[in-house]
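Take a look at the letters that make up each chain.
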Amino acid sequence: PADPFIGNALGYAQLRAGHSVQAVETLKRAVDLAPQPNTVVRNNLVLALTATGRMEEANAIMSRVKDSNERANLRAQIAAEAKRIAVIDYGVDAP
């Protein structure tokens, strides 16, 4: 999609449908298309990267969040959402 917000919605839908590798690529394009940094698109990309185990890439993006408290809260939210998606979509047992 040529619109970053449509790309974001598609990428999140792909992630929820279990197409996490596709979701990462779609969300990367959405981030690139956004005229200015967009936290929702960024967060969904970090979520998709986390869900696919690409933690080095996810951490690199997260390191750009300047406020350490905001970064810590965001990491916790991303981890919880990744776990929730795994439990719902893939039947993974939550600890």
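Located above this text is the structure these notes cover.
A brief structural summary. (Residues numbered from 1 in each chain as written. Predicted model: local features only at pLDDT ≥ 70, side-chain atom pairs only at ≥ 80, totals over all residues. Heavy atoms only, no water.)

## Digging into helix 1 (residues 4-16)
Threshold: Numbering of helices and strands runs from the N terminus, with a helix taken as a DSSP run of H or I at least four residues long and a strand as a DSSP run of E at least two residues long. In a helix, the anticipated span is given by 1.5 Å times the number of residues less one. Partly exposed residues are those whose accessible area sits between 20% and 50% of the maximum for their type, while under 20% is buried and over 50% is exposed, using a 1.4 Å probe and protein chains only. Throughout, the arc means that of the directions going from the helix axis to the C-beta atoms. Two N or O atoms form a polar contact when they lie within 3.5 Å of each other; inside protein one atom must be a possible hydrogen donor and the other a possible acceptor, and for residues adjacent in sequence the pair counts only when both atoms belong to side chains.
With 13 residues, helix 1 extends 18 Å between its outermost C-alpha atoms, agreeing within 8% with the 18 Å of an ideal straight helix rising 1.5 Å per residue. Every buried residue belonging to helix 1 is among P4, G7, N8, G11, Q14 and L15, and all of these are buried. Buried residues of helix 1, viewed axially, fall in a sector of 130°; they line one side. The distance from a side-chain oxygen at the start of helix 1 to the backbone nitrogen of F5 is 2.7 Å, and the residue carrying that oxygen is D3. Of the residues one or two after helix 1, G18 is the one with positive phi, at around 90°.

## Let's talk about the pattern of salt bridges
What counts, and what does not: Between Lys or Arg on one side and Asp or Glu on the other, a salt bridge is scored when a side-chain nitrogen of the former is within 4 Å of a carboxyl oxygen of the latter.
All chains considered together, the criterion is met by 3 salt bridges. As a salt-bridge pair, E57 and K28 come within 3.1 Å of each other at their nearest N and O atoms. One end of the pair, E57, is in helix 4 (residues 55-62); the other, K28, is in helix 2 (residues 20-33), with 29 residues separating them in the sequence. Relative accessible area serves as the criterion here: at 30%, E57 is assigned to the partly exposed category. The salt bridge involving R84 is made with E81; its shortest N-O contact spans 2.7 Å. Taken together, the positions of R84 and E81, both in helix 5 (residues 68-90) and 3 residues apart, correspond to about one turn of that helix.

Read these as spatial facts, not as claims about activity.
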